[in-house]
Amino acid sequence: MTLVLSLMLTFALAGSPTPREVLQGIDQQETLNLELEAHFDQVCSALKAGRHDLSGLVGPGVRFPIDEFVQVPSCSLRALSVGKVVDDTIALRVLWDLDGRDARGARRSVRAESDGEVVREGKGWKLSRLDTSNAHRVERDAPRFVERAAEAGLVLPQVVTPISPAAFLSSGLAIRDVDGDGIADVFVIDRQTLYLYRGKPGLHFAPPVAIARTGGDTILSGVSLGDLDGDGDPDLVLTTWRDRPVRLFRNEHGTFVEAGKVGRGGQHQGTVLSDLDGDGKLDLAVVSYPLGYAIPSSFLNADNGDPPELWLGNGDFTFHQLPLPARVAKHHWSFGGVAADFLHRGGMQLYVFNDYGVKDLYVLDRDGGVSEVSAQYGLNDPGGGMSADLGDVDNDDRVDLYVANMFSKAGTRIANGVGARVPEATRDLVSKFVRGNTLFLGQPDGGYADHAVDLEVHRGLWSFASLLADVDNDSRLEVLIANGFISGKKRKDL
Amino acid sequence: MTASSEDSMSGFEPKRLFARGADGRFDDCAFVEGFDSRLDGRSLVAADLDGDGDLDLVMTTRNGPHLQLFENVGAPGQAFELELHAVHGHPEADGTVVHVEGVGAFPVVLNRGYSSSTDPAVHVGLGTRQSARVRVQWRSGVTEDVGVVAAGARVRATEGAGKVEPVRAFTEGRRLPARPFPAKVSDLPLPRGEGPTVVQLFMQSCKPCREEVPALNALSKKGKVHVFGLGLHDDNALPKVRAAMKMTYEVAPLPEPVAEAFESGGGLALPTLLVYGADGVLMRVISGAGNLPPVLDELKLDAR
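Residues numbered from 1 in each chain as written. Chains lettered and ligands numbered in written order. Predicted model: local features only at pLDDT ≥ 70, side-chain atom pairs only at ≥ 80, totals over all residues. Heavy atoms only, no water.

Draft legend 1. Examining the state of the cysteines more closely. By the definition in use, this model includes two disulfides over all chains. Each sulfur of the disulfide joining Cys-44 of chain A and Cys-75 of chain A lies 2.0 Å from the other. The sign of the S-S torsion, about -65 degrees, decides the handedness of the disulfide formed by Cys-44 of chain A and Cys-75 of chain A: left-handed. In this pair, Cys-44 of chain A sits in helix H2 (residues 19-48) while Cys-75 of chain A sits in strand S2 (residues 71-82), placing the two residues 31 residues apart along the sequence. Both residues of the pair, Cys-44 of chain A and Cys-75 of chain A, count as buried. The disulfide partner of Cys-206 of chain B is Cys-209 of chain B, and the S-S distance across this bridge is 2.2 Å. A torsion of 85 degrees about the S-S bond marks the disulfide between Cys-206 of chain B and Cys-209 of chain B as right-handed. Comparing Cys-206 of chain B with Cys-209 of chain B, the two get one shared label, buried. Free of any disulfide, Cys-29 of chain B has its nearest neighbouring cysteine sulfur in Cys-75 of chain A, separated by 19 Å. (Disulfide = S-S within 2.5 Å. Helix = DSSP H or I, 4+ residues; strand = E, 2+ residues; numbered from the N terminus. Buried < 20%, exposed > 50% of the residue type's maximum accessible area, 1.4 Å probe, protein only.)

Draft legend 2. Fine view of the pattern of salt bridges. Residues and elements named next belong to chain A. Scanning the entire structure with this criterion turns up 48 salt bridges over all chains. Arg-120 is the partner of Glu-35 in a salt bridge, and the nearest nitrogen-oxygen pair spans 3.9 Å. Of this pair, Glu-35 sits in helix H2 while Arg-120 sits in strand S4 (residues 107-121), and the two are 85 residues apart along the sequence. Look at Glu-35 and you get partly exposed, because its relative accessible area is 25%. Given a relative accessible area of 35%, Arg-120 falls into the partly exposed group. In this structure, Arg-93 and Glu-113 form a salt bridge, with 3.0 Å as the shortest nitrogen-oxygen distance. A residue pair is termed long-range when its members are at least 10 positions apart, and Arg-93 in strand S3 (residues 89-101) and Glu-113 in strand S4 qualify at 20 residues. (Salt bridge = Lys/Arg side-chain N within 4 Å of Asp/Glu carboxyl O.)

Draft legend 3. Layout of helix H5 (residues 292-299) of chain B. Residues and elements named next belong to chain B. Buried residues of H5: Leu-292, Val-295, Leu-296, Glu-298 and Leu-299, and no others. All buried residues of H5 project into a common sector of 160 degrees when viewed along the axis, lining one side. Packing partners of the buried residues in H5 comprise strand S15 (197-202), helix H2 (213-222), strand S18 (272-276) and strand S19 (282-287). Trailing H5 by a residue or two, Lys-300 shows a phi angle of about 60 degrees, which is positive. (Arc of directions from axis to C-beta. Contact = heavy atoms within 4.5 Å.)

Draft legend 4. A look at the sheet that holds strand S16 (residues 246-252) of chain A. Residue and element names in this part refer to chain A. Spatially, S14-S15-S16-S17 is the arrangement adopted by the four strands of the open sheet, whose pairing is antiparallel. Looking at which strands have only one partner, the edges of the open sheet turn out to be strand S14 (219-226) and strand S17 (255-262). Averaged over all neighbouring strand pairs, the angle between strand axes comes to 25 degrees, with direction disregarded. Here S14 pairs with strand S15 (residues 235-241) via seven bridges, running antiparallel. In the sheet register, Leu-225 faces S15, and the bridge partner there is Leu-236. (Pairing = 2+ DSSP bridges. Axes fitted to C-alpha atoms, helices over the stretch in contact; angles between N-to-C directions.)

Draft legend 5. Expanded view of the packing of aromatic side chains. Under the counting rule described, the total for this entry stands at 14 aromatic pairs over all chains. Measuring from centroid to centroid gives 5.7 Å for Phe-64 of chain A and Trp-96 of chain A, while their planes differ by 75 degrees, and the two rings are edge-to-face. Residue Phe-64 of chain A is located in the loop between strand S1 (61-62) and S2, and its partner Trp-96 of chain A is located in strand S3; the two are separated by 32 residues in the primary sequence. Assigned by exposure class, Phe-64 of chain A and Trp-96 of chain A land together as buried. Relative to Tyr-356 of chain A, the ring of Phe-299 of chain A has its centre 6.3 Å away and its plane inclined at 65 degrees; by these criteria the two rings are edge-to-face. Of the two residues, Phe-299 of chain A is situated in the loop between strand S19 (283-288) and strand S20 (309-313) and Tyr-356 of chain A in the loop between strand S23 (349-355) and strand S24 (360-364); the sequence distance between them amounts to 57 residues. Aromatic rings pair up to connect Tyr-289, Phe-299, Trp-333, Phe-335, Tyr-356, Phe-433 and Phe-464 of chain A together with Tyr-114 of chain B into one cluster. The ring of Phe-31 of chain B carries Arg-107 of chain A above its face, with NZ or CZ at 4.8 Å from the centroid. When the ring centre of Phe-464 of chain A is taken as reference, the NZ or CZ atom of Arg-42 of chain B above it lies at 3.8 Å. (Phe/Tyr/Trp six-rings, centres within 6.5 Å; stacked < 30°, edge-to-face > 60°. Lys NZ or Arg CZ within 6 Å of the ring centre and 35° of its normal.)

Draft legend 6. Local environment of the environment of Ile-219 of chain A. All names here are of chain A. Note on placement: Ile-219 falls in strand S14. Accessibility expressed as a relative area gives 2% for Ile-219, which makes it buried. As for Ile-219 and Trp-241, which are separated by 22 residues in sequence, their C-alpha atoms are 5.2 Å apart.

Draft legend 7. Seen up close, empty space enclosed by the protein. Scanning the entire structure with this criterion turns up seven cavities of 30 Å³ or more. In this structure, the largest cavity spans a volume of roughly 110 Å³. Lining the largest cavity are 17 residues, with Thr-271 and Gly-336 of chain A together with Asn-111, Ser-115 and Ser-116 of chain B sitting closest to its centre. Those elements that place two or more of their residues in the lining of the largest cavity are S14, strand S18 (268-274) and strand S22 (333-340) of chain A. With four residues, S18 of chain A is the single largest residue contributor to the lining of the largest cavity. Of the residues that constitute the lining of the largest cavity, the class distribution is five nonpolar, 11 polar and one charged. Roughly 90 Å³ of volume is contained in the second largest cavity. Of the residues assigned to the lining of the second largest cavity, the class counts are three nonpolar, six polar and four charged. (1 Å grid on protein atoms, 1.4 Å probe; cavity = no way out; pocket = protein on both sides within 12 Å on 5 of 7 lines; lining within 4 Å. Points joined across faces, edges and corners; volume = space filled by probe spheres on them. Nonpolar A, V, L, I, M, F, W, Y, C, P; charged D, E, K, R; others polar.)

Draft legend 8. Representation of the interface of chain B and chain A in the model. Each partner contributes to the interface: chain B provides 120 residues, whereas chain A provides 141 residues. Roughly 11200 Å² is buried in total at the junction of chain B and chain A, and carbon and sulfur atoms are behind 54% of that figure. At the junction of chain B and chain A, the tally comes to nine salt bridges. A salt bridge links Glu-33 of chain B to Arg-140 of chain A; the nearest nitrogen and oxygen atoms lie 3.0 Å apart. Seen at the junction of chain B and chain A, the total is 81 residue pairs in polar contact (both at pLDDT 80 or more). Residue contributions to the side of chain B that touches chain A peak at seven residues, all from strand S3 (residues 41-47) of chain B. The residue inventory of the side of chain B that touches chain A, partitioned by class, reads 52 nonpolar, 37 polar and 31 charged. Where strand S8 (residues 173-176) of chain A lies against strand S9 (residues 116-117) of chain B, two bridges are found, and the strand directions are parallel. By the bridge assignment, Leu-173 of chain A is partnered in S9 of chain B with Ser-116 of chain B. (Buried area = accessible area lost by both parts, 1.4 Å probe. Polar contact = N/O pair within 3.5 Å; in protein donor to acceptor, adjacent residues only side chain to side chain.)

Draft legend 9. Local environment of the domain arrangement of chain B. Entries for chain B in the domain assignment read domain 1 (18-70), domain 2 (78-169) and domain 3 (185-298). On a C-alpha basis, the centroid separation for the pair domain 2 of chain B and domain 3 of chain B is 53 Å. (Domains from an automatic or database assignment.)

Structure follows, in C-alpha cells:
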C-alpha cells in the first residue's frame, strides 16, 4: 500500500496523465503479468519435478537445455519486457535461470536473457518460442562453500518474534578479533540483543554472550567496531531504531563496558566509522531510516527522511556534532554509508546510500564546512539504495564503488505498466529504479562511470548486503549479494 | 492487491555470487559455488575465520535460522593479508589504499555493505603468483613501498617502517574430500538387480514421504521397476519405520555422502527420488511428492 500511495504522489508531481490513469495502466499490466507468472511457475514446477518433456506445456519453439541436468532444484523465468497483444500473441524479453546437477553430480547453472513469445491459450498464456541459443553456462565439480553454522556454534539462542515495523530490516554483523587471540570474533544483532561469539581454533565459536539488550518496541539496528580511544583495540558502537542515543562500549581486554552515549536519538539505522576530519580520531556518521514514523513522500525522490548526523570524535568516547547546513542536509531514507577518498583530494568523503531516491556524497571541506556533491560527480545513482562496497573490480589500480539497489518482479511490472503513460524523463527514472545495482568504475580522470549493465552485474534481485571479495584468491574480486525481502508461508510472489 | 503476513514479496531469492570471466563480464556462480541459501539475507561479511588464507562468509537472515556460515573449502589459491598501522592519523588507517602490483587497489574501510562492520586488514588474492610488490598510500599523503610480500601469511605494515612484519602464517585449511556421487545405482548400498530402479530418500516425519509410499508400493508390485528406500534413520530403527510407513519395498540407511550429494543450501529436500535407467545410470532426481508418474511415462521405464 505504501508503494501505491508513493507512486500516486510521485506521478502527481510528474503532471499529465493523471495518477489515476497511470495506476489504471499499471493495473492492466499487473493482470497480464500475473497470468504470465502463473504460466512461468507451471513451467518451472515441471522442470523442478524432473520433467524434461514439456510438450503440452510450452510450444515446440521452446527448447531449454534441460538434457544437461539430472536435477533442477532451482528454476526462474521472468518477463523483463512485455509487448502489446497482437493476434493473441505477445513478444517478450525473458530472463531465465536453471540451476542443477548433471549426471556426474557436478553443479551447473545455465541462464540467459532471451527473446520469446507467448500465445493465448484458454484464459492464460503459453510460452510458444524462446531463443535459448545465447545461454551462459558455469559449472563446478564441487562447491567452494559448505554451510556449517550449526556445526561451528553460530546459532542464535532464541528466535525473537518481530515486534515492530523495523524488525524486517533489523540486522547487524561485525567481525574482528576483539580479544587479541588472533581469531576473529563475531557480533550479531538479533533484533533486541547484541551477541558476541568468541572465535575458537578450528572454526568453532564459544556459546554467545549478550553484550547489550533493549526492550519494548525498540530494535537494535547496527553494530560497528573501531578504535575510538586509540588504545589499539576495537571498541563498539551500537545504534537503536526508536529514539535512543547511540551507545558506545569500551573494549577492556576483550570485554565490553558501556562508556558513553552520542546524540539524543532518532530512527537510527547504523553508523559509519571513519576519521572524516583527518585529526587522527574516529568520527561517527549516524544514518536514519524513519520507518514507522513516516511514509516516503515520493517513491522516486523521498525528501521526508533524516539527514545523517556527523559527530567528530575527541578520542575519549565523547563527540561533538558537526551541524549540516540546511542547504546541504539531505532528508533521505538512509540505510548506511561508506567512507573513502572518492574525489582523490587526500581526505575522506562519506557516501550515503538511500532508499526511495538518490545517494549523497558529503565532503568535509578544509575550512570545516560540509557540502554534498553526489550529482556533480555522477554518483547520485537513483534507486532503492540498500548498501555499497568498495574495491578494485577491474584490477586497474583504481578503487571502484558497487551500489546495491533493487531488481524485483514488482518493480519490473511497474516499469512495464508505466510504459508510455508518463513523460520520458519519468519513464527513464523508473527504469533506472527497477534495473538493479550499479558498478561505478573509477576512471583515469578521477571520475566514475557506471558499467553494471554492460558487465552484467546489476541483477542482484532485492539486494540487501553487497560485498566485494576475492573468495577464490584468483586476484579478481567477486560481487556477492545477500538478498530476499520477505519469504512468507505463501511462496508466490506479490 | 492486499498483503498479509503470510505473503511473500521477493522472497526465497537465490543469493548472488558474480564472478568475472575472461571477457570482463560477470556470471552468477552462487549455486555452483555453494552460496545457495534461499533465506532472506541481510548483512554479509567475508573474513578468514579459520586462518587458512581464504575468505569464509557469514550472513544474517531475516527468517530462521538467522545466521549462516559458509566455510570456504575450495581450492585455496595464493593470498596474503595485510594489517596496517598508521603513525600519522588514526592508527587503524581507514582511508589508506594498498596498491598491489599486478593486482590492483585495496581500500581500508571499517564499514561496508548492509549494516556490516569488518576487519580493516586487506585480503589480497594473488592467483598463481607467489608474491607481489606492495605500495601503501597512507592517509597522511605519503606513498610508501613496503617491499615484496609473499603469499601464505598475514603480515603488518607500520607507517614509515618501509617493510612488513609477520603476524601469523596461514594454517592448512580444511578441504573436503571429493564427494562420491551416486551416478550409478551400483554406487548405492542396495541389492543389485537388472532393470530400472527408483530409490526414495525419506524419513518418517516427512509427511509427503509417507504419502508417496502407496504409489511406490504399487510400482514395486508391478515388478517392472525395482523400488528401494534409503531412510534418514539408523539401522536398528529402520524395520519399525518401514512397518509404520507401510512400505513393501526394501529399505536401508541413507549414507551421509548420498544425502550431502543432493543438498542445497545446507539441507536435503525430502522426499527426493532417484531414478536409474535399465543400464543403472542416474537419469533423474525428482523432488516433491506426486511427481514420479509423469517422469516414468516420459522415460517409459514402467512400460517395458
